[in-house]
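Single-letter residue listing:
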Amino acid sequence: MSRILAFAGSARRDSLNKKLARAAAEAARKAGAEATFIDLADYPLPLYDGDLEASEGMPANAMRLRELFLAHDALLVASPENNASVSSLLKNTLDWLSRDIGDGKGANAGTAPYAGKTALLLSASPGGFGGVRGLPHLRQILATLGVTVLGAQFSLPRAHEAFDEHGALKDARAVEAATRKLAEASRKLAA
Ligand SMILES: Cc1cc2nc3c(=O)[nH]c(=O)nc-3n(C[C@H](O)[C@H](O)[C@H](O)COP(=O)(O)O)c2cc1C
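Residues numbered from 1 in each chain as written. Predicted model: local features only at pLDDT ≥ 70, side-chain atom pairs only at ≥ 80, totals over all residues. Heavy atoms only, no water.

1. Overview of the packing of helix α3 (residues 60-70) against helix α4 (residues 88-97)
Link 1 in the chain: It is the contact of α3 with α4, at a shortest axis distance of 9 Å, that shows an interaxial angle of 80 degrees. Judged by the inter-axis angle, α3 sits roughly perpendicular to α4. On α4, the residues that touch Ala62, Leu65, Arg66 and Phe69 of α3 are Thr93, Trp96 and Leu97.
Link 2 in the chain: For the contact of α3 with α4, the class distribution of residues is five nonpolar, one polar and one charged. (Axes fitted to C-alpha atoms, helices over the stretch in contact; angles between N-to-C directions. Helix = DSSP H or I, 4+ residues; strand = E, 2+ residues; numbered from the N terminus. Parallel < 35°, antiparallel > 145°, perpendicular 65-115°, else oblique. Contact = heavy atoms within 4.5 Å. Nonpolar A, V, L, I, M, F, W, Y, C, P; charged D, E, K, R; others polar.)

Following this line, the structure appears as structure tokens:
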């Protein structure tokens, strides 16, 4: 069974992208995968700074995230669109985890948390384009880190109207279809 790690690039309590990532994790379970949802608000990180890294090493929360990444086969990432790109939280998190901590895990230890993984990209925005303009940037970042990013992706426009009072998607069909593709692709890779 493939193990999928789902998270959003927003720490906001009522984040639309967190709701979307949770819905996608649920859809992944329905598709037969094991899915773990994590909230980046539980893993606060300093802004990446080479001097800080040199003096203190990788922050404890980045180490915890790194272990979570290593323990999963695939990623479900719901990215807010900030000024037509990814959120600074998401970029900062991905940057910290790309650093080599010298544990020798993987051919290139810096990319060990990413290498060989498959990812499905999602976005949610109150706007009419659903945050889709940030996803090519996220695709490029993850591909550079060795992730196979699925061609299929899903953006949720007018996302503030798309969830019911329990935080469930009113219409989950599109996210379920996209997530099924990730579950299938990661199952093949995990086999
Ligand atoms: C600095 C900043 C830039 C933003 N730029 C965009 C944008 O380019 N396109 C867009 O659709 N929404 C943009 N938004 C609105 C966000 O999509 C909206 O706040 C969204 O709810 C954030 O995601 P979250 O709900 O998961 O926290 C921006 C918000 C902020 C704070």
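2. Thoughts on α4
Link 1 in the chain: Taken together, the buried positions of α4 are Leu90, Asn92, Thr93, Leu94, Trp96 and Leu97.
Link 2 in the chain: Where α4 is buried, its residues touch β1 (3-8), α2 (50-56), α3, β3 (74-78) and α5 (135-144). (Buried < 20%, exposed > 50% of the residue type's maximum accessible area, 1.4 Å probe, protein only.)

3. Topic: the environment of Ala35
Link 1 in the chain: The topology assignment puts Ala35 in strand β2 (residues 34-37).
Link 2 in the chain: Placed 148 residues apart in sequence, Ala35 and Ala183 show a C-alpha to C-alpha distance of 9.6 Å.

4. Thoughts on the site of the ligand
Link 1 in the chain: Lining the immediate environment of the ligand, one finds 13 residues, of which Ser10, Arg12, Ser15, Glu81 and Ser125 sit closest.
Link 2 in the chain: The contact in question runs from an oxygen atom of the ligand to an N or O atom on the side chain of Ser15, over 2.5 Å.
Link 3 in the chain: Interatomic distance of 2.8 Å between a backbone N/O atom of Asn83 and a nitrogen atom of the ligand.
Link 4 in the chain: Burial of the ligand by the protein chains amounts to 65% of its free accessible area of 630 Å².
Link 5 in the chain: The residue inventory of the shell around the ligand, partitioned by class, reads four nonpolar, six polar and three charged. (Near = heavy atom within 4 Å. Polar contact = N/O pair within 3.5 Å; in protein donor to acceptor, adjacent residues only side chain to side chain. Areas by Shrake-Rupley, 256 points an atom, 1.4 Å probe, with all protein chains shown as cover.)

5. A short note on the sheet that holds β2
Link 1 in the chain: Taken in spatial order, the five strands make up an open sheet running β2-β1-β3-β4-β5, and their pairing is parallel. Two strands in the sheet have a free side with no partner beyond their single neighbour: β2 and β5 (148-156). Strand-to-strand, the axes of this sheet are offset by a mean angle of 20 degrees, without reference to chain direction.
Link 2 in the chain: Pairing of β1 with β3, which is carried by five bridges, proceeds in the parallel orientation. (Pairing = 2+ DSSP bridges.)

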